[in-house]
Amino acid sequence: MEELTQLDELLGCRTEGDRREVSPCTLVIFGASGDLTSRKLIPALYHLFCGGQLPEPFRIVGVARREKTDESWRAELKDDLARYARSKGIDETVWGRFERLISYCRGDLTDSNAYEGLKARLQGFGDQRLEKNLLFYLAISPSQFAETVKRLHAHGMVRKDAQDDHWQRVVIEKPFGHDLASARELNRQITDYLHEKQVFRIDHYLGKETVQNILVFRFSNAIFEGSWNRDSIDHVQITVSEQLGVGSRGGYYEEAGALRDMVQNHLLQVLALVGMEPPVSLDAEAIRDEKVKLLQSMRSISGEEVAKQVVRGQYFGGELGGELRPAYRSEPKVSPVSNVETFVAMKILIDNWRWSGVPFYLRTGKNLPLSASEVRVQFRPVPNVLFAAKASSGMDANSVTLRLQPNAGICLGFNGKVPGSTTRLDPVLMDFRYEEEFGAYTPEAYERLLLEAVAGDSTLFIRRDEVETAWAFVDRIRSAWQGKALSNREFYAAGTWGPEAADALLGGGAPGWLNPEA
Ligand code: BG6
């Protein structure tokens, strides 16, 4: 019972009654004038403040190069909050109290004065806890991560071996490296100044309610966990499709591509949660140990196998939702002869006892017909002896669909008898929807992640060995693509489900890819 309560507290839906234990501190956001701060971080902090979840006292200091005052920055944030907050409208009284926590500190991260200015600001709070309990959020260019940590250390704002009760943590946005070698190097550099337990590598997918619910669903429901293995499951499909194209992010995307941007992190994280063994406890390390073991069990795909098991694609112009979308090669800051992939589908085999022989199919892409993320677990069919002839359109095997977004929920597909004097079968669905069951309260991923980082719980962040294992896996695929131009069959029209070659991955027969529904 105690274990279940713990499970609910750690991973389940947060209810009004849940409270993380948090100590007074200052959150310092580097890259404060960027999009992430105004679209995600400040709205998340505002909602946490509204819910009384932030520590008392608490401060937010933004650091960036642009000239701003506290007042002008607060006014900008308020405008953006009105646009991006999940709650309808801003409560003026609450905002008035919240904005007093926020201040702005102009500074260039390559200049020592920026750090001295920040230090003086922290000292000015006149409270040791606000000066020394520090959560640094690096919403800056990845090339600045290591140098910034080094300078924070040099200016005495992060300490690896603190002798007192104070703590410092650093949250690092993705991408964490662009391949295994750079991720290792970055890990080496930052762990000169920080213990692994002080490093919080973000993957915002882990902050999504439904992604957290994967573990609750699996490990608190005997009916599913008992059949979650090679004896009962035929295959698993993980789809993260996006309706948006690359838009204004062409510069970044040319360096990343879908494999680095989505597969290395979000899709492999979801795969790890769906496939991992039960952890020995709900400790961050116990959970992350099992995730990394699953990632290490993925059979590597390299050389000639890449062409058989991985399909890449790039969109050309097409119609989506009534509008004409340009080809990737015509997007701003994209080379007109770019070979960067905007779509990836792959078949992954997991060489462990539970999953031997069960393929996991992953796919993600931009400019696809729908924005949806879901995991479809397809069970093996029953023997074809009793009812097969009675099914109206061939008998479906059971399936469980974990809908991560939108319409978050879980859907069970099974066969039922159509009422009447004959024995006719039809597939039916049992559909659980978060909103219907728990109301529309769905915190944004960043709310959960910021709260966990303030509380010092790293369960929902990526450990060093996880990030490195994931890079090793995708690097082999990337090197097989290196220098190979895209062929005609690797293009897809915007508004379609990717190149046709992706269908062949599943053998070309039924059931094929099961596309999310609108
Ligand atoms: C980001 C990627 O990490 O995730 C983007 O860089 C992508 O390219 C985004 O659009 C998808 O996140 P979500 O939460 O909208 O599914």
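For the structure, check the block above.
Cut-offs used in this document
- Residues numbered from 1 in each chain as written.
- Predicted model: local features only at pLDDT ≥ 70, side-chain atom pairs only at ≥ 80, totals over all residues.
- Heavy atoms only, no water.
- Buried < 20%, exposed > 50% of the residue type's maximum accessible area, 1.4 Å probe, protein only.
- Helix = DSSP H or I, 4+ residues; strand = E, 2+ residues; numbered from the N terminus.
- Pairing = 2+ DSSP bridges.
- Axes fitted to C-alpha atoms, helices over the stretch in contact; angles between N-to-C directions.
- Contact = heavy atoms within 4.5 Å.
- Near = heavy atom within 4 Å.
- Polar contact = N/O pair within 3.5 Å; in protein donor to acceptor, adjacent residues only side chain to side chain.
- Areas by Shrake-Rupley, 256 points an atom, 1.4 Å probe, with all protein chains shown as cover.
- 1 Å grid on protein atoms, 1.4 Å probe; cavity = no way out; pocket = protein on both sides within 12 Å on 5 of 7 lines; lining within 4 Å.
- Points joined across faces, edges and corners; volume = space filled by probe spheres on them.
- Nonpolar A, V, L, I, M, F, W, Y, C, P; charged D, E, K, R; others polar.
- Parallel < 35°, antiparallel > 145°, perpendicular 65-115°, else oblique.
- Salt bridge = Lys/Arg side-chain N within 4 Å of Asp/Glu carboxyl O.
- Phe/Tyr/Trp six-rings, centres within 6.5 Å; stacked < 30°, edge-to-face > 60°.
- Lys NZ or Arg CZ within 6 Å of the ring centre and 35° of its normal.

## Focus on the pairing of strand S12 (residues 360-365)
A large share of S12 lies buried, amounting to six of its six residues. Burial along S12 is two-sided: Phe360, Leu362 and Thr364 facing one way and Tyr361, Arg363 and Gly365 facing the other are all buried. As defined by bridge partners, strand S7 (residues 233-241) adjoins S12 across six bridges and the pair is classed as parallel. The residue bridging Thr239 from the neighbouring strand is Arg363, located in S12. When strand S11 (residues 343-348) meets S12, the two strands line up antiparallel, connected through six bridges. Looking at the pairing, Met346 lines up with Leu362 of S12.

## Remarks on the sheet that holds strand S13 (residues 372-379)
Taking strand neighbours across the sheet as the criterion, the nine strands line up as S16-S15-S14-S13-S7-S12-S11-S8-S17 in an open arrangement whose pairing is mixed. Looking at strand neighbours, the two that pair on one side only are strand S16 (424-433) and strand S17 (491-493), the edges of this open sheet. Adjacent strand axes in the sheet meet at a mean angle of 20°, parallel and antiparallel pairs treated alike. Against the sheet, helix H9 (residues 209-219) engages strand S14 (399-405) and strand S15 (409-418), with an angle of about 150° to S14. Of the strands in this sheet, S7, S11, S12, S13 and S14 touch helix H11 (residues 250-275), which is tilted by about 140° from S12.

## Side note on the site of the ligand
Around the ligand, a shell composed of Lys174, His204, Tyr205, Lys208, Glu242, Arg249, Asp261, Met262, His266, Lys366 and Gln405 is seen. In the model, an oxygen atom of the ligand is placed 2.8 Å from a nitrogen or oxygen of the His204 side chain. When isolated, the ligand has an accessible area of 390 Å², and the protein chains bury 75% of it. With three residues, the single largest contributor to the shell around the ligand is H11.

## Side note on empty space enclosed by the protein
Inspection of the entire model under this criterion finds four cavities of 30 Å³ or more. The computed volume of the largest cavity comes to approximately 120 Å³. What lines the largest cavity is a set of 14 residues, and nearest its centre among them are Asp203, Gln264, Asn265, Ile462 and Val467. Those elements giving two or more residues to the lining of the largest cavity turn out to be H11 and helix H16 (464-481). No other element matches the four residues that H16 contributes to the lining of the largest cavity. Here the residues of the lining of the largest cavity are counted per class, giving seven nonpolar, three polar and four charged.

## Describing the packing of helix H2 (residues 35-50) against helix H4 (residues 92-99)
Running from N to C, H2 and H4 cross one another at 110°; their axes reach a closest spacing of 10 Å. As summarised for this structure, H2 and H4 are arranged roughly perpendicular, according to the angle between their axes. Across the interface between the two elements, Ile42, Leu45, Tyr46, Phe49 and Cys50 of H2 pack against Val94, Trp95, Arg97 and Phe98 of H4. When the residues that make up the contact of H2 with H4 are grouped by side-chain class, the tally is eight nonpolar, no polar and one charged.

## Focus on the layout of surface pockets
Any empty space left between the atoms is revealed when a probe the size of a water molecule rolls over them. Its boundaries defined by the atoms lining it, the second largest pocket holds a volume of some 950 Å³. Contributing elements (two or more residues each) for the lining of the second largest pocket: S7, S13, S14, S15 and S16. A total of six residues in the lining of the second largest pocket trace back to one element, the largest contributor, which is S16. Split into classes, the residues belonging to the lining of the second largest pocket amount to 20 nonpolar, 10 polar and nine charged.

## Thoughts on the pairing of strand S8 (residues 310-316)
Counting buried positions along S8 gives six out of seven residues, so the element sits mostly inside the fold. Bridge count for S8 against S11 is four bridges, and the pairing is antiparallel. Considered in S11, the bridge of Val311 is made with Ala345.

## Side note on the pattern of salt bridges
For the structure on display, the rule yields 34 salt bridges. For Lys40, the salt bridge is made with Glu444, and the minimal N-O distance between the two is 3.9 Å. Of this pair, Lys40 sits in helix H2 while Glu444 sits in the loop between helix H14 (434-438) and helix H15 (445-455), placing them 404 residues apart in sequence. Taking the relative accessible area as the measure of exposure, Glu444 reaches 33% and is therefore partly exposed. Note that Arg464 and Glu468 form a salt bridge whose closest N and O atoms lie 3.5 Å from each other. Pair noted here: Arg464 and Glu468 are both in helix H16, with a separation of four residues, about one helical turn. Residue class for Arg464 comes out partly exposed when judged on its relative accessible area of 30%. A single salt-bridge network, built from bridges that share partners, covers Glu285, Arg288, Asp289, Arg463 and Asp465.

## Some details on the packing of aromatic side chains
For the structure shown, the criterion picks out 19 aromatic pairs. Between the aromatic rings of Tyr46 and Trp95, the centroid separation amounts to 6.3 Å while the plane-to-plane angle is 50°, which identifies the pairing as tilted. Of this pair, Tyr46 sits in helix H2 while Trp95 sits in helix H4, and the two are 49 residues apart along the sequence. Each member of the pair Tyr46 and Trp95 is classed as buried. Positioned above the aromatic ring of Trp167 is the side chain of Arg169, whose terminal nitrogen or guanidinium carbon lies 3.6 Å from the ring centre. Its guanidinium or amino end placed over the ring of Trp353, Arg230 lies 5.3 Å from that ring's centre, counting from NZ or CZ.

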